[in-house]
Amino acid sequence: MIRANQPHIENLIGRPIHELDSPALLLDLAASDRNIAQLSQFFSDKHAQLRPHFKNHKCSTLARRQLDAGSAVGITCAKLGEAEILADNGFNDILIANQIVGDIKLRRLSDVAQKTNVTVAIDHLEQARTLSQMASATNITVGVLVEVDIGMNRCGIEPGNAALELTQKIQPLPGIYFNGLQAYEGHLVNLEDATERQVQSHQDMQLAIDTRRMIEAAGIPVNTLSGCSTATYDMTGIMAGVDEVQAGTYATMDCTYHKLRPELEMALTIICTVISCHGGNAVLDVGVKGASGEFGSPIIADHPDAQIPNFCSEEHCVVQHISGLHVGDKVQMIPSHACTTCNLYHQLHVHQDQHIVDIWPIEASGLLT
Ligand SMILES: Cc1ncc(COP(=O)(O)O)c(C=O)c1O
């Protein structure tokens, strides 16, 4: 983890970003605000509403801005620990888009449910049974979404009869209530061809919508169908039968997602120092311990010709075809995966016109449980 090793916070406000010690995580406030406004505006006249996914940045201040922008019904998160942080920070309609299993976690979930409305995903009767036992024993109520696998092959029960049967079986269980379905088309979010993404995601989300209609026809109301992403918000997010859009990355963006969504700005960067220059290359002081690499190499802001062919060192990044830099210069790296990069830092240095205007804690950074 990168600890807060900057000079005292108050001294940084108003200072140019290049005075930060590196590496440090930066958020361009105006760019992030424009992204947030763009999605809120998009959903302002749609049936579906946003339920922004906290796992993107794990920062409650940024999450609050997403909800305050409008067209949002609540917040999504991936981990129980994220839900604890959200509940402690006053968020009151939390979806944990994941299965919560085991006594320790169920006890923690009960504590969250004492503070706020919480809904969890299930895809197996056993999860529902243990959840129901905990809820009854601790006198709380938890909403559940039956997760349907629409092609990702991660969690999720088969759409159609299997989902209907599971929904029917959980109806009598005390302490939990069936609130609807979850269907995430994560297997399609990296399809760069927008038409292909549109066609495929419609086809696959239709499986969840058909399942919804089947459950409704069996006399069980389906309050919500929750899913979708930054890659598909204007595709599956406008289908009749979809109610909630769990887009996350739009708030920060990264260079991978920018190829799919050029209309959204890359607001998240890492300030790096050039620690060596030789043979036309510059070596930066950030490797995969400071910018996640599972989606490929980062890019360097304002240096479109720069190339990073092999981003794999722990603490170094060798940039080719970058000119005009000297040892000691600072550059901004745009990570290839915002979510796992934010998870490495404890603070977002928020800047406007290249000057630091605020510092927001990333409260859920590094949190695995
Ligand atoms: C369950 C779930 N919903 C939605 C998303 C969409 O997030 P993003 O907009 O960042 O792609 C994800 C991403 O991992 C997810 O796991």
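Residues numbered from 1 in each chain as written. Predicted model: local features only at pLDDT ≥ 70, side-chain atom pairs only at ≥ 80, totals over all residues.

**Brief notes about the nonpolar core**
Moving on, step 1. In this structure, Ile94, Ile96, Val118, Val142, Val144, Val146 and Met333 are the most contacted members of the largest nonpolar core, which totals 104 residues.
Moving on, step 2. Inspection of this core shows a minimum of three residues originating in each of domain 1 (9-27 + 262-361) and domain 2 (29-251). (Core = buried A, V, L, I, M, F, W, Y, C linked by C-beta atoms within 7 Å. Buried ≥ 20, exposed ≤ 12 C-beta atoms within 10 Å, placed from the backbone. Domains from an automatic or database assignment.)

**What about the pairing of strand E11 (residues 281-284)?**
Moving on, step 1. Here E11 shows a buried face lined by Ala282 and Leu284 and an unburied face lined by Asn281 and Val283.
Moving on, step 2. Across four bridges, strand E10 (residues 268-278) lies against E11 in antiparallel orientation. Opposite Cys277, over in E11, you have Ala282 as the bridge partner.
Moving on, step 3. Linking two consecutive strands that pair antiparallel, namely E10 and E11, is a turn of two residues; a positive phi of about 55 degrees is found at Gly279 within it.
Moving on, step 4. Two elements, E11 and strand E13 (residues 317-319), share three bridges in a ladder whose sense is antiparallel. The residue bridging Ala282 from the neighbouring strand is Val319, located in E13. (Helix = DSSP H or I, 4+ residues; strand = E, 2+ residues; numbered from the N terminus. Pairing = 2+ DSSP bridges.)

**Quick word on the domain arrangement of the protein chain**
Moving on, step 1. Taken domain by domain, the protein chain holds domain 1 (9-27 + 262-361) and domain 2 (29-251).
Moving on, step 2. Computed from C-alpha coordinates alone, the two centres of domain 1 and domain 2 are separated by 32 Å.
Moving on, step 3. Contacts between the two partners involve 15 residues from domain 1, matched on the other side by 16 residues from domain 2.
Moving on, step 4. Per element, the largest residue contribution to the side of domain 1 that touches domain 2 is four residues, and it comes from strand E15 (residues 347-352).
Moving on, step 5. When its residues are assigned to classes, the side of domain 1 that touches domain 2 shows 11 nonpolar, three polar and one charged. (Contact = placed C-beta atoms within 7 Å. Nonpolar A, V, L, I, M, F, W, Y, C, P; charged D, E, K, R; others polar.)

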